[in-house]
Amino acid sequence: MEEIMGKVVQDKLVKDKELSSYKPDYWGIYFGAHWAPPCRKFNDDLKTFYEAVNKGQEKKFFEVIFVSFDGNEAHFDRHYSQHPWLALPYADEARVAALKVKFDLQELPTLAIVDPTGRIVKSNSRLDIPTAGEKAKELFAKWEGEYKQAQDKAAEEEEKKEWTQSVVVYVY
């Protein structure tokens, strides 16, 4: 995970906290900005989801890292104060730019689901979150299934491509 996010995140109390001190089963990389109305709505949905998934857990099953696209640090601070999760330090513009490319960011908000190894399980789970309700934790199995199907389909397509390239047509 550090290869993607770097070694340092911030929580509410500590600005430079080692990412390695967190060990959730899944990570959510949340790209958002307070100036975007869909993000303000999504904040509430994500907070409800986050609390439902982690309810009654000895260790957090799901941890979120907020990646801000707010206009300045004061706006980031105000926006982040509403979140119960971690954040990428606002001043780390190089990492924000690299993450935007890595996750092929197209819209705000975006919530990518990543496993502890850094594998992107779901590139944007935004539409699933508001309707999760009490079945929030079940979404992770759904996303893993979708990921496996996509991988299987890609492997099948690659196999077809290789087979097609290896076929030799003889004309008499």
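Our subject is the structure that appears above.
The notes below deal with the structure included here. In this text the structure is predicted, and so the values were computed from the model without any measurement.

Considerations on the environment of isoleucine 65
Note on placement: isoleucine 65 falls in strand S4 (residues 62-68). Of the residues examined, isoleucine 65 reaches a relative accessible area of 0% and is grouped as buried.

Description of the packing of aromatic side chains
In this structure the tally under the stated criterion is 18 aromatic pairs. Each ring, one from phenylalanine 76 and one from tyrosine 90, has its centre 5.5 Å from the other, and the planes form 35°; the classification is tilted. Of this pair, phenylalanine 76 sits in helix H3 (residues 73-80) while tyrosine 90 sits in the loop between strand S5 (86-87) and helix H4 (93-102), and the two are 14 residues apart along the sequence. A relative accessible area of 18% places tyrosine 90 in the buried class. Its end group placed over the ring of tyrosine 80, lysine 12 keeps NZ or CZ at 3.7 Å from the ring centre.

What to know about unusual backbone geometry
The amide bond that connects leucine 108 to the next residue, proline 109, takes the cis arrangement and shows omega of -5°. Mapping proline 109 onto the fold places it in the loop between H4 and strand S6 (110-114). Phi at aspartate 104 takes a positive value of approximately 50°, unusual for a residue other than glycine. With respect to the element layout, aspartate 104 can be found in the loop between H4 and S6.

Criteria and thresholds
- Residues numbered from 1 in each chain as written.
- Predicted model: local features only at pLDDT ≥ 70, side-chain atom pairs only at ≥ 80, totals over all residues.
- Heavy atoms only, no water.
- Helix = DSSP H or I, 4+ residues; strand = E, 2+ residues; numbered from the N terminus.
- Buried < 20%, exposed > 50% of the residue type's maximum accessible area, 1.4 Å probe, protein only.
- Phe/Tyr/Trp six-rings, centres within 6.5 Å; stacked < 30°, edge-to-face > 60°.
- Lys NZ or Arg CZ within 6 Å of the ring centre and 35° of its normal.

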